[in-house]
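# Remarks on the overall topology
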Amino acid sequence: MPRLAISPRFAEGFHALPERIRQEALVALRRFLCNAPTAPYPEKVRGGRDAKIATLRLAEGHRAVAVRQGDLHWLVAVGTDAEAWSFARRHRFRVNPAIGVVETWDAEGLERIEPALRRAAEASDERLFAGFCDTDLLAIGIDHRLLPLLRLMTAQYHLTAIEPLLPVSQYAPLAVLAEGGSLAAAWRALDCCRTPVTGEIDPDDLAAALRRTPGEAAFAADPRDLERILTLPLWATFLHPQQYTYATWPRYDTPVLVTGGAGSGKSVTALHRAAVLARAGAGPVLLVTFSQGLAAEMSRRLDMILGGDDAARSRVEVMNVDRLAHRIVAEAEGRPPKVVGAADYAGLWQEARAGDRFGAAFLVREWEQVILAQDLRTLEEYQAAPRPGRSVPLDADDRELVWNAIQHVAGRLRDSGRRTLLQLASDAANLLGRAVGDLLGEEQPERRPYRHIVVDEAQDLHPAQWRLLRAAVPEAPNDLFIVGDPHQRMFDTRIALTDIGIPVRRFRLKLSYRLSHEVLSWSARLRGGLADGLVPSHADLGGFRALRHGPRPIVRGYVSPEAEIAGLVSLVAEWIDEGVPEDEIAVTARTPQLVATARSALREAGITVRVTVLHGMKGLEFRRVAVIGVADGVIPAPDALTPAEEDPVARAHDMQRERGLLYVACTRASEMLYVSYSGVPSPFLPL
């Protein structure tokens, strides 16, 4: 019986086929998998560069390209007859002997570029890789057929020019060497391309290589598997090597933190980790994310990953920390807790102002970032506590004045039976720390409600929320699996996990699969290089890169807000005329007023796309994104900034938070980014 493996390129091409052709192709593949008499048969490719390649006729005028070894057929592309034959002749496939993964080579493209490289070599005595012998390069997996081209290169841009023609497992180590790195550093660069290897690597064993390359192959054992692979989104089936390794590792003895830039697949890794733990069946799993809206989306995605496995799906709860805290307190106290509204909360702090010295904003930050963060219960504890991140010094008298002002608010809340969300988290953590009892359905006291907790968007959690999560799961292998990116922080939470009793083993995702190089580099300049939080040291974007190129971000200035909105409507209409579905377009702005204006103008033009504030873009992805109103006086938002005379460090943090908010919105675009403003541009925009 034939065996089928599906590549993401094939699955993506299959999704793009016309409906009638797609149905015929699916029937043909089912027949092929079942070895039916009417199944398509492999046809050899004349003039091809790889003898292992064949094509399969799937429907009228359409065929698949397959790489064959024995009874295994790895489907790598699908399209019209002309497209399939062209792809089959152009490419070759290989198993990297150093790390055991499959590689796809644009052999025809490399042949065409050789004359230009040869002319450049004749005009210069310099050689880019002169410091490395063939044996060194072969040892890190470089293909011997690539060596002659490498020996012709005289400058780093020659390697950059052929990047689209090479597998990542070839380009990544060569890029390190071209920048002056060592062979050891080049070998480390292969971490983003490989999964752990056990036993010897056989370069002739395609099936084993495909299993070591989960981002390039999913095996279909029967027609049901086949249909599932071809109907689900790619992220539900295919994981890139680092994502796969971190998500499926059998046992972590300490909590794990996975960081990565925008588009590196952190949330996908978290989803698959939750699925792996649920299938293992060791106990209940909690998947925590930023908001309840995102939790609903994550729950829907988890349904896809665990489709058909009802037992595993029943072991996973998906929610945000606020809902978890609310539930624990409600069950402990026998009634739902009351949460103070934003307007009332702001009014209480205005009441509590300590003269002209300490305003409402200062007091709120002192309470949330010092007192609640450290769970301080008495004036004596506050007097002795450090105040990290707070730049205004306070002597003993100042601290007593601030403490009394804060206790005024705490007392008013207590008297009215209301709490803030952070108070709720702190109370829930204390309840779990004393005795769980029957909380969340547990029958035995002192047991934790969850066996595993997976945390998404970790950079925005407060220390009180971290204490709750730590209390909700026992300290044991595979207890906490955490993903986040300090550069995408939307709130002023800058705690290192080790400082709150969660020592972590850290891993880093180094490739952006969503963003083009152009969008990533522009957004990185907008964001700035360093961010703190989650880890003791500053995180930076060094070494984080995109795998593909695309159009540069479009930045347009307008003379008036009306002209800017008119330009937006015209642009989005063009995108739709180009064939981009409305649900793959998003428009976003900093203020609700701008959002309402844009939504109204688009609806008047008969356009229904997602329009939301910048905060609403978190965790989402669209082909094309328009960020409007990026003007001075709008971003950064004036009312979100602490006055410099009150606390200059807090103001600097506020500015970085506003940068992070804009960065998050801009990095939602997988294909095209448009940024507009009227009047004076925001100071955040790169020159």
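### Some thoughts on the pattern of salt bridges
Within the structure shown, the criterion is met by 44 salt bridges. One salt bridge in this structure joins Arg300 and Glu297, with 2.6 Å as the shortest N-O distance. Residue Arg300 and its partner Glu297 are located together in helix H14 (residues 292-305), separated by three residues, close to a single helical turn. By relative accessible area, which is 40% here, Arg300 ends up partly exposed. With its nearest N and O atoms 3.0 Å apart, the salt bridge here joins Glu297 to Arg301. With a gap of four residues between them, Glu297 and Arg301 both fall in helix H14, about one helical turn apart. Exposure remark for Arg301: the relative accessible area of 16% places this residue in the buried category. Put simply, Arg49, Arg90, Asp106, Glu108, Glu111 and Arg112 are held in one network by salt bridges that share partners.

### Some details on the sheet that holds strand E24 (residues 622-627)
Pairing is parallel across the open sheet formed by five strands, whose spatial order is E21-E25-E24-E22-E23. Each of the sheet's edge strands pairs with one partner strand only, and the pair in question is strand E21 (554-558) and strand E23 (610-613). Neighbour-to-neighbour, the strand axes of this sheet turn through a mean angle of 20°, independent of strand direction. In this sheet, E23 lies alongside strand E22 (residues 585-589) in parallel orientation, the contact comprising four bridges. By the bridge assignment for E23, Thr588 is matched with Thr612. Helix H23 (residues 517-527) contacts E21 and strand E25 (669-678) of the sheet and is inclined by roughly 45° relative to E25. Packed onto the sheet, helix H26 (residues 648-666) meets E22, E24 and E25 and runs at close to 140° relative to E24.

### Observations regarding the nonpolar core
Within the largest apolar cluster, 37 residues are counted, with the highest numbers of intra-cluster contacts made by Phe129, Leu150 and Leu159. Put simply, the parts of the chain that give this core at least two residues each are helix H4 (107-122), helix H6 (147-150), helix H8 (168-178) and helix H9 (183-189). Take this core: its biggest share by element is seven residues, from H8. Once you skip the residues sitting within four places of it in the chain, Phe129 turns out to touch Leu150, Arg151, Met153, Leu159, Leu174, Leu177 and Ala178.

### Some points on the sheet that holds strand E2 (residues 43-44)
What the six strands build is an open sheet, ordered E2-E3-E4-E5-E1-E8; its pairing is mixed. In the strand order of this sheet, the two ends are held by E2 and strand E8 (218-220), each with one partner. The sheet strands contacting helix H11 (residues 223-231) are strand E1 (3-6) and E8, and the helix crosses E8 at an angle near 145°.

### Structural notes on the side chain of Arg668
Considering the arrangement of structural elements, one finds Arg668 in the loop between H26 and E25. Although Arg668 is buried, it forms no salt bridge, and the closest oppositely charged side chain is Glu457 at an N-O distance of 5.9 Å. Beyond its immediate stretch of four places on either side in the chain, Arg668 contacts Ala262, Gln488, Arg514, Met617, Gly619, Leu620, Glu621, Phe622 and Val625.

### Observations concerning the packing of aromatic side chains
Taken as a whole and assessed by the stated rule, the structure comprises ten aromatic pairs. Judged by centre distance (4.8 Å) and plane angle (35°), the ring pair of Tyr246 and Phe507 falls under tilted. You can see Tyr246 sitting in helix H12 (residues 241-248) and its partner Phe507 sitting in strand E16 (residues 505-509), a full 261 residues away along the chain. Accessibility classification places Tyr246 together with Phe507 in one group, the buried group. Ring centres of Tyr252 and Phe507 lie 6.1 Å apart, and the angle between their planes is 55°; this geometry places the pair in the tilted category. Placement of Tyr252 in the loop between H12 and strand E9 (256-260) and of Phe507 in strand E16 is noted, with a sequence separation of 255 residues between them. Comparing Tyr252 with Phe507, the two get one shared label, buried.

Parameters at a glance
- Residues numbered from 1 in each chain as written.
- Predicted model: local features only at pLDDT ≥ 70, side-chain atom pairs only at ≥ 80, totals over all residues.
- Heavy atoms only, no water.
- Salt bridge = Lys/Arg side-chain N within 4 Å of Asp/Glu carboxyl O.
- Helix = DSSP H or I, 4+ residues; strand = E, 2+ residues; numbered from the N terminus.
- Buried < 20%, exposed > 50% of the residue type's maximum accessible area, 1.4 Å probe, protein only.
- Pairing = 2+ DSSP bridges.
- Axes fitted to C-alpha atoms, helices over the stretch in contact; angles between N-to-C directions.
- Contact = heavy atoms within 4.5 Å.
- Core = buried A, V, L, I, M, F, W, Y, C linked by side-chain atoms within 4.5 Å.
- Lys, Arg positive; Asp, Glu negative; His and termini not counted.
- Phe/Tyr/Trp six-rings, centres within 6.5 Å; stacked < 30°, edge-to-face > 60°.

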